[in-house]
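# Descriptive structure summary
Residue-level listing of the chains:
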Protein chains: 2
Amino acid sequence: MPELTRSVLQFLSEHDIGVVATERPDGLPRQTVVYHVLDGEKILISTTHDRAKARDVERTGRASYAVVGPAKPHPQVVVTGPARILREGIADATGRIFGRITGTAPDPPLTDEMLAGMNRVILEITIERVAAASYLQES
Amino acid sequence: MPELTRSVLQFLSEHDIGVVATERPDGLPRQTVVYHVLDGEKILISTTHDRAKARDVERTGRASYAVVGPAKPHPQVVVTGPARILREGIADATGRIFGRITGTAPDPPLTDEMLAGMNRVILEITIERVAAASYLQES
């Protein structure tokens, strides 16, 4: 099994999009394409509390995340770990994610109150296992 | 729910890499980055019969597949459906997939016998449901 090396964290930090997989109630994986930011050894994804993937995570407490580089040989990382839905203290992370999507930081800066009004939450995955790590540049 | 339109099939046909998700025995999604080819409304992936994702599919009979375009706004398709492992009549599809990986068609052409000796199988997903289809060009 690959380890959570600096190269893996650097790859996850430098890329901004991936595929999150959660467990549907019937057990089939539910895959969604999302933007992410890295915070230490945590993957942070912005979503709304009524989205199916958020409900999956609240039910199961875990998720998988896959990131693939756009050019051959397609560097790639897949991680899994415990996951949870955060509703407070999420303004900074959400602002960083929105900045990656739009190219500019939100102005005025986001607040938890604004995000609560938009039903926005953070889906946080703590990296516990590196299921795959291939074709990464050594850092 | 999006439909399986010509644009969706064209996008899946034009892209060659994606993330397949199967169900591990403990229920957690198992994500793997793979090359694929499209055959009608089926996603074909080359793997070996002893790989965990092949065993997952033999146990559960279903899978999810996600494809993301490399450039913003990141066109994307996620499909799910019944899945199975094929051991015969797989030489043509495997040759097409190897050609996508290496850039040249295998020479001499592959045969089922050669592939059996390499334990290679095809993981086939029949597209039953389009879970997501965004930012596709109209065809």
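Data block above holds the structure.
Structure report, in brief. As the structure is a prediction and not an experimental result, all values here were calculated from the model.

Scoring rules and cut-offs
Residues numbered from 1 in each chain as written. Chains lettered and ligands numbered in written order. Predicted model: local features only at pLDDT ≥ 70, side-chain atom pairs only at ≥ 80, totals over all residues. Helix = DSSP H or I, 4+ residues; strand = E, 2+ residues; numbered from the N terminus. Rg over C-alpha atoms; globule rule 2.2 N^0.38 Å. Buried ≥ 20, exposed ≤ 12 C-beta atoms within 10 Å, placed from the backbone. Least-squares fit on C-alpha atoms with pLDDT ≥ 70 in both. Contact = placed C-beta atoms within 7 Å. Pairing = 2+ DSSP bridges.

## Comments concerning the overall build of chain A
Helices and strands together make up the secondary structure of chain A, namely four helices and eight strands. Tracing chain A from N to C terminus, the helices and strands come up as α-β-β-β-β-α-β-β-α-α-β-β. For a compact globule of 139 residues, the expected C-alpha radius of gyration is about 14 Å, and chain A comes in at 15 Å, within 12% of that figure. Overall, chain A is about 40 × 40 × 25 Å in size when its C-alpha atoms are taken along their principal axes. When burial is assessed residue by residue, chain A has 42% of its 139 residues classed as buried.

## Points about the relation of the copies chain A and chain B
For the pair chain A and chain B, the relating rotation is 180°, the translation along its axis is 0.0 Å, and the fit reaches an RMSD of 0.0 Å. Both chain copies can therefore be described as sitting about a two-fold axis. When the interface residues of chain A are mapped onto chain B, 100% of them again fall at the interface, so both copies present the same face.

## Observations concerning the pairing of strand 5 (residues 62-68) of chain A
Residues and elements named next belong to chain A. Within strand 5, seven of the seven residues are buried, leaving the element largely enclosed by the surrounding structure. Across the two faces of strand 5 the burial is the same, with Arg 62, Ser 64, Ala 66 and Val 68 and Ala 63, Tyr 65 and Val 67 all buried. Note: strand 1 (residues 17-23) against strand 5, three bridges, orientation antiparallel. Opposite Ala 21, over in strand 5, you have Ser 64 as the bridge partner. One ladder, built from seven bridges, connects strand 5 with strand 6 (residues 76-86); its direction is antiparallel. By the bridge assignment, Tyr 65 is partnered in strand 6 with Val 79.

These figures capture arrangement, not role.
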